[in-house]
Amino acid sequence: MCGIAGIITNNAENYQDRIKKMTDAMVYRGPDSSHFEFYANAALGHRRLSIIDLSENGKQPMFSSTKKECIVLNGEIYGYQDIKDQYSDYPYHGSSDTEVILAMYQKKQKNLIHDLPGMFAFAIWDDEKQELFCARDRFGEKPFYYAIGENGEFIFASEIKAILASGLIKPEIDKAQIAYYLKNGYIHPHKTIYKNISNLKPAHTLELKDGKIETKPYWTIPTETSKLTLDDSIEKFKYLFDNAIKKQLVADVPVGSFLSGGLDSSTIVAVASKYKENIKTLVYGYESGDLNEMPYAQAIADKYKTDHHIILDKKQKISETLQEVYSYMDEPLMDTSLLPTHLIFKEAAKDLKVILSGDVGDELFGGYSFYRYNINLSQKGFYSDYLSKMILLAGKFKEIGSERRHRAEYTDTLDYHQNKVRNHFTASEIKNLGISDEIPGQNFSFTPKNEDYNDLMRIDLEKYVPGNMLLKGDRTSMYNSIEVRIPFLDIDFAEFCIQLPWQYKVNSTEDKIILRKAYSQAWTEEIAKRKKNGFGASVNEWFKEPELQDLSKELLENKNSYIFKFLDFNEVQKKLNKQMQHWSLLILALWFENNKNYLQ
């Protein structure tokens, strides 16, 4: 796990200082070492977090055996030992997964990408062809940003700040992305907040030759539905997940696991304990209230005899944590779980370099309550346009239930999911705030259908997961120099789950059906009966903190605050209600304050 950077341009050796500034800007992604390599027309840089092959043989940028190709990789290629056996005629110098990609490239060239598993963002400079070949993993676990410099340079890096550190571009704010953020709480997963910095889409390659950039997909999310029976599906589910865990436990440093006491993390620990004794587990503990998960986590830790560690909430000031997080976040992200996620990685970094996480289980197995609710709405039926107008008109004069209102306000399942779930500002509210740009839509790799509730989960896998969840996990873990691995995104397991009939996952009253049937015996009875508990917090409680109130006043009640170059001051004042809209605006204002020097 590392940070990568590159500048493709004539006389690349003249850019030594700039490539160093790029890697220095993200030193936390790879505190173990820093290296650079130069060809006549390519400068490559790398910050290393040593996980596999800790020797000098694993360092990057890494040359191929012919020296004609050089790679920088951020990520892990799970099961790389088996792949290495398939390319045994390559003259390997070390035992890293990075070198396996070079062996594949010499045999298959760009077609290697179809056989490459894992989480990754990489770039290969082919000096003979004078061509750059880049790729990003299927779900977007690892980031890849790029831009064109003031003199036509092609610049790429793991983080936006590294591109800015090159000094080769002046970023321009994309107002449409401010609108997207206000609606969704994060920046579009295929864009950045800047017009002139691009985000390589997940499951895409990028080729640069003769100054021309071409991006294209190499994988699309499966849309077929499995014909297996439920019993056969359960057996295959367990077999594939066991394999996923085994592959992700491979490392030359200790591997631990988060253990919240929820279904997903408990399953990961249960399976991992079959292959690794006394695995280190960590829970972020609140001493009281609804968020106290310590007893549930302890029960699983006891069951599997893990080396269990409780990271107690130290009541660090919210304002202090918020400003610490936004010292490194390159874009605004309003997710309240960002703060505790940062804190748990910060504590975990004292003992570990690699941690397994239970992320994305909800999107694969139908774990969110809004999936169940949406199915319930759909089965009862959305109203016709005429009836909707009548119900909403009547609602102005008397109370109508939220369920009836939702069936009247939204036309179908997809409309509800896209325009109600996780939405924070309406289009009209955003326009009133001063952003007239149209909120960008998203082209999915499939055509969503109302009658297949799997499509709600597919939408989340292509929108919310890369735009919010994986970005949050990558930035918070890497800032604390930790590699986070997500077993549920093992490509074989994930593809299988995506294709399961939706009825095996969720209905109007049950969630995570197949997970429960496959692994309920691995949990305690109390955990099996638990309702889902998010990792966020109540912003209303947070806003009771005097220091956070002071920060809000400084950023949102001061007409000279940089955010008011884009938003209307008077309209913003109407939203300062200590709820989610207030929090969202505070995050945006703090981000502007921290990045205004780039924009002036």
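See above for the structure.
Residues numbered from 1 in each chain as written. Predicted model: local features only at pLDDT ≥ 70, side-chain atom pairs only at ≥ 80, totals over all residues. Heavy atoms only, no water.

Some points on the nonpolar core
Next, step 1: Within the largest apolar cluster, 167 residues are counted, with the highest numbers of intra-cluster contacts made by Phe-122, Phe-237 and Trp-583.
Next, step 2: Among residues more than four places away in sequence, those in contact with Phe-237 are Phe-365, Phe-493, Phe-496, Cys-497, Leu-500, Ile-514, Leu-515, Ala-518 and Tyr-519.
Next, step 3: Of all hydrophobic cores here, the second largest spans 19 residues; its members include Ile-4, Ala-42, Trp-125 and Leu-132. (Core = buried A, V, L, I, M, F, W, Y, C linked by side-chain atoms within 4.5 Å. Buried < 20%, exposed > 50% of the residue type's maximum accessible area, 1.4 Å probe, protein only. Contact = heavy atoms within 4.5 Å.)

Section: the pairing of strand β9 (residues 154-157)
Next, step 1: Across the two faces of β9 the burial is the same, with Phe-154 and Phe-156 and Ile-155 and Ala-157 all buried.
Next, step 2: Sheet topology places strand β1 (residues 2-8) next to β9; 4 bridges connect them, and they run antiparallel. Directly across from Ile-7, in β9, lies its bridge partner Ile-155.
Next, step 3: Note that strand β8 (residues 145-148) and β9 share 4 bridges and pair antiparallel. Each bridged residue has a counterpart across the sheet, and for Tyr-145 the counterpart in β9 is Ala-157.
Next, step 4: A loop of 5 residues connects β8 with β9, the two strands running antiparallel in sequence, and Gly-152 in this loop sits at a positive phi of about 90°. (Helix = DSSP H or I, 4+ residues; strand = E, 2+ residues; numbered from the N terminus. Pairing = 2+ DSSP bridges.)

Quick notes on a negative patch on the surface
Next, step 1: On the surface, Glu-320, Glu-547, Asp-550 and Glu-554 cluster together into a patch of negative charge.
Next, step 2: Here Glu-547 lies in helix α23 (residues 546-556). (Patch = residues over 30% accessible without salt bridge, like charges linked within 9 Å, V, L, I, M, F, W, Y side chains within 5 Å. Areas by Shrake-Rupley, 256 points an atom, 1.4 Å probe, with all protein chains shown as cover. Salt bridge = Lys/Arg side-chain N within 4 Å of Asp/Glu carboxyl O. Lys, Arg positive; Asp, Glu negative; His and termini not counted. Charge placed at Lys NZ, Arg CZ, Asp CG, Glu CD.)

Observations regarding the pattern of salt bridges
Next, step 1: Throughout the structure, instances matching the rule amount to 39 salt bridges.
Next, step 2: In this structure, Lys-216 and Glu-207 form a salt bridge, with 3.5 Å as the shortest nitrogen-oxygen distance.
Next, step 3: Overall, Lys-216 belongs to the partly exposed group, its relative accessible area being 34%.
Next, step 4: The exposure class assigned to Glu-207 is buried, which follows from its relative accessible area of 12%.
Next, step 5: A single network of salt bridges, built from pairs that share partners, joins Arg-29, Lys-142, Glu-159, Lys-161, Asp-330, Asp-474 and Arg-475.

Re the sheet that holds β9
Next, step 1: With antiparallel pairing, 6 strands are arranged side by side in an open sheet as β2-β3-β1-β9-β8-β10. Each edge of the open sheet carries a strand with a single partner, namely β2 (33-38) and β10 (198-199).

A word on helix α25 (residues 580-599)
Next, step 1: In a regular helix each residue adds 1.5 Å, so 20 residues correspond to 28 Å; α25 covers 27 Å between its end C-alpha atoms and thus fits that length.
Next, step 2: The axis of α25 is deflected most strongly, by about 40°, at Glu-593.
Next, step 3: For α25, the buried fraction is high: 14 of the 20 residues fall into the buried class. (Expected span 1.5 Å × (residues − 1). Bend = angle between axes of the 7 residues up to and from the residue.)

Considering the packing of aromatic side chains
Next, step 1: Enumeration according to the criterion identifies 37 aromatic pairs in this entry.
Next, step 2: Ring centres of Phe-237 and Tyr-519 lie 6.2 Å apart, and the angle between their planes is 55°; this geometry places the pair in the tilted category. Here Tyr-519 lies in helix α20 (residues 513-519) and Phe-237 lies in helix α6 (residues 230-248), a separation of 282 residues in the sequence. Side by side, Phe-237 and Tyr-519 carry an identical accessibility label, which is buried.
Next, step 3: Arranged with centres 5.0 Å apart and planes meeting at 75°, the rings of Phe-370 and Tyr-371 form a pair that is edge-to-face.
Next, step 4: An aromatic cluster is present here, built from Phe-237, Phe-241, Phe-365, Phe-488, Phe-493 and Tyr-519 joined pairwise through their rings.
Next, step 5: Between Arg-422 and the ring centre of Tyr-368, over which it is positioned, the NZ or CZ distance is 4.9 Å. (Phe/Tyr/Trp six-rings, centres within 6.5 Å; stacked < 30°, edge-to-face > 60°. Lys NZ or Arg CZ within 6 Å of the ring centre and 35° of its normal.)

Here's the deal with the pairing of strand β13 (residues 255-258)
Next, step 1: Neither face of β13 is exposed, since Val-255 and Ser-257 on one face and Gly-256 and Phe-258 on the opposite face are all buried.
Next, step 2: Pairing of β13 with strand β16 (residues 354-356), which is carried by 3 bridges, proceeds in the parallel orientation. When the sheet's bridge partners are listed, Ser-257 is paired in β16 with Leu-356.
Next, step 3: Sheet topology note: the β13/strand β14 (residues 280-285) ladder contains 3 bridges and is parallel. Bridging across to β14, Phe-258 finds its partner in Leu-282.
Next, step 4: Each parallel crossover has a hand, and the one from β13 via helix α7 (residues 263-275) to β14 is right-handed. (Right-handed = clockwise from strand over helix to strand, strands pointing away.)

Remarks on helix α12 (residues 369-380)
Next, step 1: Between its first and last C-alpha atoms α12 spans 17 Å; for 12 residues at 1.5 Å apiece the expected length is 16 Å, and the two agree.
Next, step 2: Gly-381 sits one or two positions beyond α12 and adopts a positive phi of about 105°.

Let's talk about the environment of His-114
Next, step 1: By the secondary structure assignment, His-114 is in the loop between α3 (97-108) and β6 (119-126).
Next, step 2: Taking relative accessible area as the criterion, His-114 reaches 47% and is therefore assigned partly exposed.

Comments concerning the packing of helix α9 (residues 318-325) against α25
Next, step 1: Direction vectors running N to C along α9 and α25 enclose 50°, while the axes themselves pass 11 Å from each other. The angle between α9 and α25 falls in the class oblique. Regarding α9 and α25, the two cross each other, and that crossing is right-handed. Residues Ile-318, Leu-322 and Gln-323 of α9 pack against Trp-583, Leu-586, Ile-587 and Leu-590 of α25.
Next, step 2: A breakdown of the residues in the contact of α9 with α25 according to their chemical character gives 6 nonpolar, 1 polar and no charged. (Axes fitted to C-alpha atoms, helices over the stretch in contact; angles between N-to-C directions. Parallel < 35°, antiparallel > 145°, perpendicular 65-115°, else oblique. Left-handed = near helix turned anticlockwise from the far one by under 90°. Nonpolar A, V, L, I, M, F, W, Y, C, P; charged D, E, K, R; others polar.)

Here we look at a nonpolar patch on the surface
Next, step 1: Side chains of Tyr-386, Leu-387 and Met-390 sit close together on the surface and give an oily, nonpolar patch of about 330 Å² of accessible area.
Next, step 2: Mapped onto the secondary structure, Met-390 falls in helix α13 (residues 385-394).

With respect to the environment of Asp-490
Next, step 1: Mapping Asp-490 onto the fold places it in the loop between β17 (483-485) and α19 (491-499).
Next, step 2: Between the C-alpha atoms of Asp-490 and Leu-556, which are 66 residues apart in sequence, the distance is 43 Å.
Next, step 3: The contact partners of Asp-490, leaving out residues within four places of it in the chain, are Ala-244, Lys-247 and Gln-248.
Next, step 4: Side-chain polar atoms of Asp-490 contact the backbone nitrogen of Asp-492, separated by 3.2 Å. (Polar contact = N/O pair within 3.5 Å; in protein donor to acceptor, adjacent residues only side chain to side chain.)

Notes on the sheet that holds strand β4 (residues 62-63)
The pairing of strands in a sheet happens through backbone hydrogen bonds and is either parallel or antiparallel.
Next, step 1: Judged by pairing direction, the sheet is antiparallel, and its 6 strands sit side by side in the order β4-β5-β6-β7-β11-β12 without closing on themselves. Unpaired on one side and paired on the other, β4 and β12 (212-217) mark the two borders of the sheet.
Next, step 2: Bridge analysis of β6 against strand β7 (residues 131-136) gives 6 bridges, and the strand direction is antiparallel. Each bridged residue has a counterpart across the sheet, and for Asp-126 the counterpart in β7 is Glu-131.
Next, step 3: The strands touched by α3 are β4, β5 (69-76), β6 and β7; relative to β5, the strand with the most contacts, the crossing angle is about 130°.

Some points on the side chain of Lys-575
Next, step 1: Tracing the sequence through the fold places Lys-575 in the loop between α24 (569-573) and α25.
Next, step 2: Within the local environment of Lys-575, its side chain forms a polar contact with the side chain of Glu-429, the two groups lying 2.7 Å apart.

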